[in-house]
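# Examining the three-dimensional arrangement
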Amino acid sequence: KVDLKGRDLLSLHDFSPDEVTAIIELAGELKEKQNFKIPHACLQGKALGLIFQKSSTRTRVSFEVAMYQLGGYPMFLNTNDLQLGRGESIADTARVLSRYLDGIMIRTYSHAEVEELARYATIPVINGLTDLLHPCQILADLQTIKERKGTFAGLKLAYVGDGNNICHSLLFGCAKVGMDISVACPEGYMPDGEIIRLAREDTLLTGSKMEVLTDPVEAVSGADVVVTDVWASMGQEAEQNRRAGVFPPYQVNEKLVAHAAQDYIFLHCLPAHRGEEVSAEVIDGPHSAVWDEAENRLHAQKAVLALLL
Ligand code: CP
Ligand code: NVA
């Protein structure tokens, strides 16, 4: 058993393989409880603040419902409605919110701001996506892989596309559970060098393999899980046209997944752009697990909340 009470969830790099495994296992148990209507209101009397500086469908709704199902109270806070949006400091916001709430989830641009919030808050801070990382998404992805494949050992995950927040958190997540990962990104859109270095350290804990490539066919070859994400993330709208000229060879389509294992599954954090990073045949086809993946955001985050709060 692991004790995560009081911890922040800023990056999966900060969690041991046992801790990541425990979160995924609890996520599975809580999903069963929810499906069989077995009460699990372990956060009665607890309140979670949800600070959003970027749009969200899944993260917002799944966190709010998660708190509700755990017996707690979720409070949606748009940055523009907080004094934070008028220049109150992150440190002061953290100190004040810590006097009312039992936890804070934040989605924003700068990862450093989330680290600063966590430094000054005396309650757990959960990263609901930054430009650098999206750990909650990857916990749901790992839960989905475990459900579909039964194990992580011996599996290969291929991520094809932009070396972005999803790619970074996958590098950590795969290393922590001992799953091999091959990433293929265009030159100039590679994952962050420091993240690669830290994730390589993580692979030593489990003995998993990690490759960062430019060739999507090589990355997808024999993969059990194929993942992609948008070509232009939130905040990169101005680069959309330039990126649309670079990324087409990285589209996940029938031709590319022909190189994957016969029983591969396809994951995408959503929102998806059919005809851009993924073809409709793949995302709407029989190998796609994206709806289970989206559902698992709820269960994985319930596990995180139950353990941290
Ligand atoms: N996958 C994900 O985080 O979706 P939202 O942006 O809708 O929260
Ligand atoms: N990489 C995407 C993920 C959205 C959930 C973004 O940051 O916009």
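Reading the values: the criteria
Residues numbered from 1 in each chain as written. Chains lettered and ligands numbered in written order. Predicted model: local features only at pLDDT ≥ 70, side-chain atom pairs only at ≥ 80, totals over all residues. Heavy atoms only, no water. UniProt positions renumbered as here; feature names shortened; annotations may be inferred. Pairing = 2+ DSSP bridges. Helix = DSSP H or I, 4+ residues; strand = E, 2+ residues; numbered from the N terminus. Axes fitted to C-alpha atoms, helices over the stretch in contact; angles between N-to-C directions. Contact = heavy atoms within 4.5 Å.

With an unreviewed UniProt entry as reference, the protein is termed Ornithine carbamoyltransferase, source organism Pelotomaculum isophthalicicum JI. Comment text from UniProt for the protein, heading Function (unreviewed entry), reads "Reversibly catalyzes the transfer of the carbamoyl group from carbamoyl phosphate (CP) to the N(epsilon) atom of ornithine (ORN) to produce L-citrulline."

### Let's talk about the sheet that holds strand β4 (residues 125-127)
Taken in spatial order, the four strands line up as β2-β1-β3-β4 in an open sheet, and their pairing is parallel. In this open sheet, the two edge strands, each paired with only one partner strand, are β2 (73-78) and β4. Neighbour-to-neighbour, the strand axes of this sheet turn through a mean angle of 20°, independent of strand direction. Inspection of the sheet shows strand β1 (residues 47-52) paired to β2 by six bridges, in the parallel sense. Its bridge partner being in β2, Leu 48 is matched across the sheet by Pro 74. Contacting β1, β2, β3 (103-107) and β4, helix α2 (residues 58-69) crosses the sheet at an angle of about 175° to β1.

### Digging into the sheet that holds strand β5 (residues 156-160)
Sheet strands pair via backbone hydrogen bonds, and the direction of the pair is either parallel or antiparallel. Pairing is parallel in the open sheet, where five strands are placed in the order β7-β6-β5-β8-β9. Strands with a single pairing partner mark the edges of an open sheet, and in this sheet they are β7 (210-213) and β9 (265-268). The sheet shows a mean angle of 15° between the axes of neighbouring strands, direction not considered.

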